[in-house]
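Residue-level structural notes
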Amino acid sequence: MKALVVTSFDAPLQVQERPVPTPDAGQVLVRIEASGLCGTDIHAARGDLPVKPTLPLIPGHEGVGVVEQTGTGVTEVAVGDRVAVPWLGYACGVCDYCVSGWETLCESQKNTGYGIDGAHAEYAVAYARYVVRVPDGVSSLEAAPLTCAGLTTYKAIKVANVRPTGRVAIFGIGGLGHLALQYAQIFGGEAIAVDVTDEKLALARELGARHAVNAANSDPVAAIKALGGADVAVVLAGPPKVFEQAHASLRRGGRLVLVSLPKENTMRLPIFETIMGGRSVLGSIVGTRADLAEVFALHAAGRTRVESQIRKPEDVNQAMEDVLAGKVTARVVFEF
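Residues numbered from 1 in each chain as written. Predicted model: local features only at pLDDT ≥ 70, side-chain atom pairs only at ≥ 80, totals over all residues. Heavy atoms only, no water.

As recorded in an unreviewed UniProt entry, the chain goes by Alcohol dehydrogenase and comes from Micromonospora sagamiensis. UniProt's Sequence similarities (unreviewed entry) comment on the chain is quoted here verbatim: "Belongs to the zinc-containing alcohol dehydrogenase family." The Cofactor (unreviewed entry) comment attached to the chain in UniProt states, word for word, "Zn(2+)". (UniProt positions renumbered as here; feature names shortened; annotations may be inferred.)

Here it is as structure tokens:
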């Protein structure tokens, strides 16, 4: 099979020919049709995060394809089912986190495309219990970005406890942000888009954002404060300055939701303003299997729109550079 492989944190990804893997007990072999490029794939390829993956590695955790083979004991899905292969590749299923609906916090979890080989390949092996069926009304090319970008932002809006008419500032309108502002509106919020490019802000307005702020030529904190302040600020951009601006834009009682994983692992948090303003700072990781099923159901019902660019797998390194340079309006998806 063709696979995109990280062989060194200092070298481009390689397109390699590898044997098609065989599923073990409890696993399935998925013929990948589409695989989205996430920022975490870039972090994995460059060793940016505090916990680095073991190399060589096939990244990718937005894989969608058809089950072609099952290992022994698999009852959750069958050959011919179309499934998504998400970031949460495996969890123990018995710890306090797993049994209380927080399987994404399981300390025994295995992460697709980071701790185990992922979906940037023609075939991927996945644990049957942790793949999610894709409804017939959702194409594989659209399901791929929903598998992480959609799932992650949907969970962030849930964690933020967005209420009807609440102002929700989305910092970073891209692969995640264009979906986050749609979920904010589904939950009844008034979406405020913040970005540094007019093209992404135009997309945000097209998708229903009530306000759009270009942080490259205006102060987003002042702009959002002029609207009364944000009840919720969701950070999907990388620079620490953005996290600080998002916190400063909150009204009293507001909630800051951290989602993006910047290379710089710190932000300055003003203690006085946080306490006296009754502000909360929340971390939100990807959602559960149940959350992903809801994401797919919303899309099948026509409630969300996915913006993406289709690229060839061989163009992976250029695609990563384009994402880092802000040249991609939303999501890159590789078609296999």
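There is more to say, and it comes next.
Things to note about the packing of aromatic side chains
Taken as a whole, this structure holds 5 aromatic pairs when the rule is applied. Ring geometry for Trp87 against Tyr114: centres 5.7 Å apart, planes inclined by 65 degrees, an arrangement best described as edge-to-face. One end of the pair, Trp87, is in the loop between strand E5 (82-85) and strand E6 (88-90); the other, Tyr114, is in the loop between strand E7 (110-111) and strand E8 (123-127), with 27 residues separating them in the sequence. The exposure class of Trp87 is buried, given its relative accessible area of 15%. (Phe/Tyr/Trp six-rings, centres within 6.5 Å; stacked < 30°, edge-to-face > 60°. Helix = DSSP H or I, 4+ residues; strand = E, 2+ residues; numbered from the N terminus. Buried < 20%, exposed > 50% of the residue type's maximum accessible area, 1.4 Å probe, protein only.)

Here we look at helix H5 (residues 198-206)
For H5, every residue scored as buried is listed here: Lys200, Leu201, Leu203 and Ala204. In a view along the axis of H5, the buried residues occupy a sector of 155 degrees, so they form one face of it. Along H5, the residues that are exposed and aim more than 90 degrees away from the buried face are Asp198, Glu199 and Glu206. Residues of H5 that are buried make contact with helix H4 (177-186), strand E11 (190-195) and strand E12 (211-214). (Arc of directions from axis to C-beta. Contact = heavy atoms within 4.5 Å.)

Description of the pattern of salt bridges
Evaluation of the coordinates by the stated rule reveals 18 salt bridges. Residue Glu190 is joined to Arg210 by a salt bridge in which the shortest nitrogen-to-oxygen separation is 3.5 Å. Remark: Arg210 occurs in the loop between H5 and E12 and Glu190 occurs in strand E11; sequence separation between them is 20 residues. Judged by relative accessible area, Glu190 falls into the buried class, the value being 18%. (Salt bridge = Lys/Arg side-chain N within 4 Å of Asp/Glu carboxyl O.)

Examining the UniProt feature "domain: Enoyl reductase (ER)" (unreviewed entry) in the chain
Under the UniProt annotation, the feature "domain: Enoyl reductase (ER)" (unreviewed entry) is placed at residues 8-334. Secondary structure across residues 8-334 divides into 29% helix and 25% strand, with the first and last C-alpha atoms of the span separated by 21 Å.

Quick word on the sheet that holds strand E14 (residues 250-258)
Spatially, 6 strands are ordered E12-E11-E10-E13-E14-E15 in an open sheet, and the strand pairing comes out parallel. Each edge of the open sheet carries a strand with a single partner, namely E12 and strand E15 (280-283). Neighbour to neighbour, the strand axes of the sheet diverge by 20 degrees on average, direction disregarded. Sheet topology note: the strand E10 (residues 167-171)/strand E13 (residues 230-235) ladder contains 4 bridges and is parallel. Bridge pairing in E13 places Val168 opposite Val232. The sheet contacts of H4 involve E10 and E11, and relative to E10 the element is tilted by about 175 degrees. (Pairing = 2+ DSSP bridges. Axes fitted to C-alpha atoms, helices over the stretch in contact; angles between N-to-C directions.)

Some words on the environment of Cys38
Along the chain, Cys38 turns up in the loop between strand E3 (27-37) and helix H1 (39-46). Linking Cys38 and Leu49, residues 11 residues apart in sequence, is a C-alpha distance of 14 Å. Each residue touching Cys38, except ones within four places of it in the same chain, is listed here: His61, Cys148 and Arg331.

Some words on the domain arrangement of the chain
Taken domain by domain, the chain consists of domain 1 (2-148 + 287-335) and domain 2 (151-283). For domain 1 and domain 2, the distance between their C-alpha centroids amounts to 26 Å. Taken together, the 26 residues of domain 1 in the interface contact 24 residues of domain 2. Carbon and sulfur atoms supply 60% of the area that domain 1 and domain 2 bury against each other, a total of about 2,200 Å² over both sides. Sorting the residues of domain 1 by area buried against domain 2 places Cys148, Arg305 and Thr329 first, and these three jointly supply 24% of that buried surface. Counting the contacts that link domain 1 with domain 2 gives 4 salt bridges. Lys155 is the salt-bridge partner of Asp291, the closest N and O atoms lying 3.0 Å from each other. For the interface between domain 1 and domain 2, the tally reads 12 residue pairs in polar contact (both at pLDDT 80 or more). Breaking the side of domain 1 that touches domain 2 down by element, the ones donating at least two residues are helix H3 (140-159) and helix H9 (289-300). Ranked by residues supplied to the side of domain 1 that touches domain 2, first place goes to H9 with 5 residues. (Domains from an automatic or database assignment. Buried area = accessible area lost by both parts, 1.4 Å probe. Polar contact = N/O pair within 3.5 Å; in protein donor to acceptor, adjacent residues only side chain to side chain.)

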